[in-house]
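Each chain, letter by letter, is given below.
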Amino acid sequence: MDALKASVFRYCRHALNEDQQRLAQALLDRYSESDLQKLADYFACIAKTRKGEKLALNVVLTQLKYFINYPPELAIRAVTIHRAKYPDKKENYTQGILRNLAQQEGFKRKNHGQVIVDGSPARVSGSAQGQHRGKYADHYITPGDELPI
């Protein structure tokens, strides 16, 4: 992993193992150099919300996995807004900012570039178009069904 991508993880308590490095590499490939710098600054801001000013690796990886659901430009805008206006808030506040930005732009949430690491996805998306499968599939009424009343 190059130095710029590694800088995103500089506020983590522990070093990344090989699997985490491959995942991080895949998650960060979609960002430009200037975007990586903004992400590094964002995680520095998030680290300051912690008592010890350090982050768990899982916090950074979870946040990056969440950003996959949106275009990179939108994720970077949310990160920039968070740093500028709400530096004292934790990372879940950024997720709310991102959802609101997506809603304002009429963006429907979908997997924007699912990351594949060693043949398996880094994130598994939900059921297709809200259709439930499994044990209780027959309990749901679809638009063409007659009501059981």
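Sequence positions are assigned chain by chain, starting from 1 and proceeding in written order. Under the rules for a predicted model, residues below a pLDDT of 70 receive no local features and side-chain atom pairs below 80 are neither given nor counted, while totals for whole chains, interfaces and linings still include all residues. Note that water and hydrogens are dropped before the side-chain values are worked out from all heavy atoms of the structure.

Another aspect to go through is the overall build of the protein chain. Along the backbone of the protein chain there are 6 helices and 2 strands. Order of helices (α) and strands (β) in the protein chain, N terminus to C terminus: α-α-α-α-α-α-β-β. Throughout, exposure labels follow a simple rule: accessible area from a 1.4 Å probe, protein chains only, divided by the maximum for the residue type, with under 20% read as buried, over 50% as exposed, and the rest as partly exposed. Evaluated residue by residue, the protein chain yields a buried proportion of 37% over its 149 residues. For the accessible areas, the method is Shrake-Rupley and the probe is 1.4 Å, while residue cover comes only from the protein chains on display. Of the accessible surface of the protein chain, which amounts to about 9600 Å², a share of 49% is contributed by carbon and sulfur atoms. Counting from the N terminus, the helices are the DSSP runs of H or I reaching at least four residues and the strands are the DSSP runs of E reaching at least two.

What follows deals with the pattern of salt bridges. Each reported salt bridge corresponds to a side-chain nitrogen of Lys or Arg within 4 Å of a carboxyl oxygen of Asp or Glu. A complete count under the given rule lists 5 salt bridges for this structure. Of the charged contacts in the structure, one is a salt bridge between R22 and D19, with a shortest N-O distance of 2.3 Å. Pair noted here: R22 and D19 are both in helix α2 (residues 18–28), with a separation of 3 residues, about one helical turn. We note a salt bridge from E105 to R77, for which the minimum N-O separation is 2.4 Å. You can see E105 sitting in the loop between α6 (91–104) and β1 (116–117) and its partner R77 sitting in helix α5 (residues 72–85), a full 28 residues away along the chain. Under the relative-accessibility criterion, E105 is labelled partly exposed at 47%.

Here the focus is the packing of aromatic side chains. The pairing test for Phe, Tyr and Trp rings, Trp by its six-membered ring, is centres within 6.5 Å, and the orientation test on the planes gives stacked under 30 degrees, edge-to-face over 60, and tilted for anything in between. Tallied over the full model, the rule gives 4 aromatic pairs. On the basis of an interplanar angle of 50 degrees and a centroid distance of 6.4 Å, the ring pair of Y42 and F67 is categorised as tilted. Of this pair, Y42 sits in helix α3 (residues 33–47) while F67 sits in helix α4 (residues 57–67); the two residues are 25 residues apart in sequence, bridging distant segments of the chain. Classification of F67 as buried rests on a relative accessible area of 0%. Aromatic pair Y66 and Y70: ring centres 5.8 Å apart, planes at 45 degrees, arrangement tilted. Residue Y66 is classed as buried on the basis of its relative accessible area of 12%. For Y70, a relative accessible area of 3% corresponds to the buried category. Following the ring pairs from residue to residue traces out a cluster consisting of Y42, F43 and F67.

Another point: the confidence of the model for the protein chain. Confidence of the predictor at the level of single residues is given by pLDDT, which spans 0 to 100. When pLDDT is averaged along the protein chain, the result is 80; 72% of the residues meet or exceed 70. Whether two residues touch is decided by their heavy atoms; if any such pair falls within 4.5 Å, the residues are in contact. Predicted confidence for residues 115–132 stays below pLDDT 50, and this span has 20 contacts to residues more than four positions away or in other chains.

Let's shift gears to the nonpolar core. V8, F9, L39, L64 and F67 are the most contacted members of the largest nonpolar core, which has 36 residues in total. Going through the elements one at a time, α2, α3, α4, α5 and α6 are the ones with two or more residues in this core. The term nonpolar core refers to a set of buried residues drawn from Ala, Val, Leu, Ile, Met, Phe, Trp, Tyr and Cys, joined through side-chain atoms within 4.5 Å.

A few words on the packing of α3 against α4. Interaxial angle, 0 to 180 degrees, is taken between N-to-C directions of lines fitted to C-alpha atoms, where a helix line uses only the stretch in contact. Direction vectors running N to C along α3 and α4 enclose 130 degrees, while the axes themselves pass 12 Å from each other. Comparing their axes, α4 and α3 come out oblique. At the point where α3 passes α4, the crossing takes the right-handed sense. Taking contact as the criterion, the partners of L39, Y42 and F43 in α3 are, on α4, V60, Q63, L64 and F67. Classifying every residue of the contact of α3 with α4 by side-chain character gives 6 nonpolar, 1 polar and no charged. Any angle that falls under 35 degrees is termed roughly parallel, while one over 145 is termed roughly antiparallel, one within 65 to 115 roughly perpendicular, and all others oblique. Left-handed describes a crossing whose near helix is turned anticlockwise from the far helix through less than a right angle; right-handed describes the clockwise counterpart. Gly counts as polar in this scheme, as do all residues outside two lists: the nonpolar Ala, Val, Leu, Ile, Met, Phe, Trp, Tyr, Cys and Pro, and the charged Asp, Glu, Lys and Arg.

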